[in-house]
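Architecture at a glance
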Amino acid sequence: SQTIHQWPATLVQPVGSPLSLECTVEGTSNPNLYWYRQAAGRGLQLLFYSVGIGQISSEVPQNLSASRPQDRQFILSSKKLLLSDSGFYLCAWGTSNRNNEQFFGPGTRLTVL
Amino acid sequence: AQSVSQHNHHVILSEAASLELGCNYSYGGTVNLFWYVQYPGQHLQLLLKYFSGDPLVKGIKGFEAEFIKSKFSFNLRKPSVQWSDTAEYFCAVRSSASKIIFGSGTRLSIRP
């Protein structure tokens with residue numbers, strides 16, 4: 001069966017510091033991968049998605065970037081964190097079959113001070 | 001651009017009350033529709049989905065949703081809620097093979 005991992009689970013970082021959040025998927029190959037940010041009252045905002053290694057689509061311009069160095073690895077990064085980057089970050093995987101849903105990881109709670 | 005609207009931000013009900021959470025989407029083409037639920041401290045998980053056929057979809061835990069194409073709606077219903085239904089509920093639409101767009105969520109609180 002497929003599983004999705006995210007780490008770290010929680011992170012407290014000072015403003016201006018770099019960020020690297022990692023997401024890995026097991027039990028499937030060539031998945032679509034997604035990064036979302038969940039903020040109270042604002043739902044899930046799609047940040048990036050990837051349909052293959054090295055292929056990244058950005059949904060909103062911002063202080064973050066994403067990379068997919070391996071088939072089942074998806075990384076969310078920032079060179080300099082802003083206070084507004086605080087939030088709950090969710091990774092998800094899915095397939096290109098329209099009838100299939102996405103499966104979510106446990107999330108990372110990021111607090112920027 | 002595709003979007004999903006959930007107009008109820010916070011709903012408070014007593015146990016055994018009936019539930020209906022609204023969801024409207026904006027997209028003129030073929031869509032797949034989903035309801036996800038996030039129980040306190042748990043992962044987001046799928047409640048039900050619609051992709052074709054019968055517009056009335058049955059999900060887990062007694063939930064159902066009806067796809068009304070003419071109204072661009074996919075409202076979630078449950079005839080009698082329980083305290084354990086306390087959670088946040090997200091409607092989502094898939095308009096392409098790659099992307100699922102989520103609504104802002106509805107927080108459901110059930111009074112025991």
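Bear in mind the structure is a predicted one, so any value in this text is a computation, not a measurement.

Quick word on the overall build of chain A
- Counting its regular elements, chain A contains zero helices and eleven strands.
- Mapped in sequence order, the helices and strands of chain A form the string β-β-β-β-β-β-β-β-β-β-β.
- Relative to the compact-globule value of 13 Å for 113 residues, chain A shows a C-alpha radius of gyration of 13 Å, a close match.
- Its C-alpha atoms give chain A principal-axis dimensions of about 40 × 30 × 25 Å.
- The buried share among the 113 residues of chain A stands at 47%.

Looking at the interface of chain B and chain A
- On the side of chain A, 25 residues touch chain B, which itself brings 25 residues to the contact.
- Of the roughly 1900 Å² buried at the junction of chain B and chain A (both faces included), carbon and sulfur atoms supply 49%.
- At the boundary of chain B and chain A, one finds two salt bridges.
- A salt bridge links Glu-101 of chain A to Lys-49 of chain B; its shortest N-O distance comes to 2.9 Å.

Notes on the confidence of the model for chain A
- When pLDDT is averaged across chain A, the result is 92; 98% of the residues are at 70 or more.
- Within chain A, no element has a lower average pLDDT than strand 5 (residues 43–52) of chain A, which sits at 91, and none a higher one than strand 8 (residues 73–78) of chain A, at 97.

A closer look at the pattern of salt bridges
- One pass over the full model with this rule turns up seven salt bridges over all chains.
- Salt-bridge contacts for Asp-71 of chain A lead to Arg-68 of chain A; the nearest nitrogen and oxygen are separated by 3.3 Å.
- Taking the shortest distance from any N to any O, the salt bridge between Glu-66 of chain B and Arg-77 of chain B comes out at 3.3 Å. Linking Glu-66 of chain B in strand 8 (residues 64–68) with Arg-77 of chain B in strand 9 (residues 73–78), this pair joins segments that are eleven residues apart in sequence.
- Under the relative-accessibility criterion, Arg-77 of chain B is labelled partly exposed at 22%.
- Put simply, Lys-58, Glu-64, Glu-66 and Arg-77 of chain B are held in one network by salt bridges that share partners.

Comments concerning the sheet that holds strand 7 (residues 65–70) of chain A
Residue and element names in this part refer to chain A.
- The strand order across the open sheet formed by four strands is 1-3-8-7, and the pairing between neighbours is antiparallel. Every other strand in the sheet has two partners, leaving strand 1 (3–7) and strand 7 as the edge strands with one partner each. For this sheet the average axis-to-axis angle between neighbouring strands, irrespective of direction, equals 20°.

Section: the layout of surface pockets
- Volume-wise, the largest pocket comes out at about 440 Å³.
- Lining the largest pocket are 25 residues, and of these Gln-38 of chain A together with Gln-38, Glu-88, Phe-90 and Arg-107 of chain B lie nearest its centre.
- Taken together, the residues of the lining of the largest pocket break down into nine nonpolar, 13 polar and three charged.
- Approximately 170 Å³ is the volume attributed to the second largest pocket.
- Considering the residues around the second largest pocket, the lining is formed by Arg-37, Gln-38, Ala-39, Arg-42, Gly-43, Leu-44, Gln-45, Ser-84, Ser-86 and Gly-87 of chain A together with Phe-102 of chain B.
- Secondary structure elements with two or more residues in the lining of the second largest pocket: strand 4 (32–39) and strand 5 of chain A.

Observations concerning the environment of Gln-38 of chain B
- Summarising the element assignment, Gln-38 of chain B is placed in strand 5 (residues 32–38).
- In the structure, Gln-38 of chain B is positioned 65 residues away from Gly-103 of chain B in sequence and 13 Å away in space, judged by C-alpha atoms.
- If we ignore the near neighbours within four places in the chain, the residues touching Gln-38 of chain B are Gln-38 and Phe-88 of chain A together with His-43, Leu-44, Ala-87, Glu-88 and Phe-90 of chain B.
- Within polar-contact distance, the side chain of Gln-38 of chain B engages the side chain of Gln-38 of chain A at 2.8 Å.

Notes on the pairing of strand 6 (residues 44–50) of chain B
Residues and elements named next belong to chain B.
- For strand 5 and strand 6, the ladder comprises six bridges, and the chain directions are antiparallel. From the neighbouring strand, Phe-34 faces strand 6, where its bridge partner is Lys-49.
- Where strand 5 hands over to strand 6, the hairpin turn is made up of five residues, of which Gly-41 adopts a positive phi near 75°.

Each value, and the rule that gives it
- Residues numbered from 1 in each chain as written.
- Chains lettered and ligands numbered in written order.
- Predicted model: local features only at pLDDT ≥ 70, side-chain atom pairs only at ≥ 80, totals over all residues.
- Heavy atoms only, no water.
- Helix = DSSP H or I, 4+ residues; strand = E, 2+ residues; numbered from the N terminus.
- Rg over C-alpha atoms; globule rule 2.2 N^0.38 Å.
- Buried < 20%, exposed > 50% of the residue type's maximum accessible area, 1.4 Å probe, protein only.
- Contact = heavy atoms within 4.5 Å.
- Buried area = accessible area lost by both parts, 1.4 Å probe.
- Salt bridge = Lys/Arg side-chain N within 4 Å of Asp/Glu carboxyl O.
- pLDDT = per-residue confidence, 0-100.
- Pairing = 2+ DSSP bridges.
- Axes fitted to C-alpha atoms, helices over the stretch in contact; angles between N-to-C directions.
- 1 Å grid on protein atoms, 1.4 Å probe; cavity = no way out; pocket = protein on both sides within 12 Å on 5 of 7 lines; lining within 4 Å.
- Points joined across faces, edges and corners; volume = space filled by probe spheres on them.
- Nonpolar A, V, L, I, M, F, W, Y, C, P; charged D, E, K, R; others polar.
- Polar contact = N/O pair within 3.5 Å; in protein donor to acceptor, adjacent residues only side chain to side chain.

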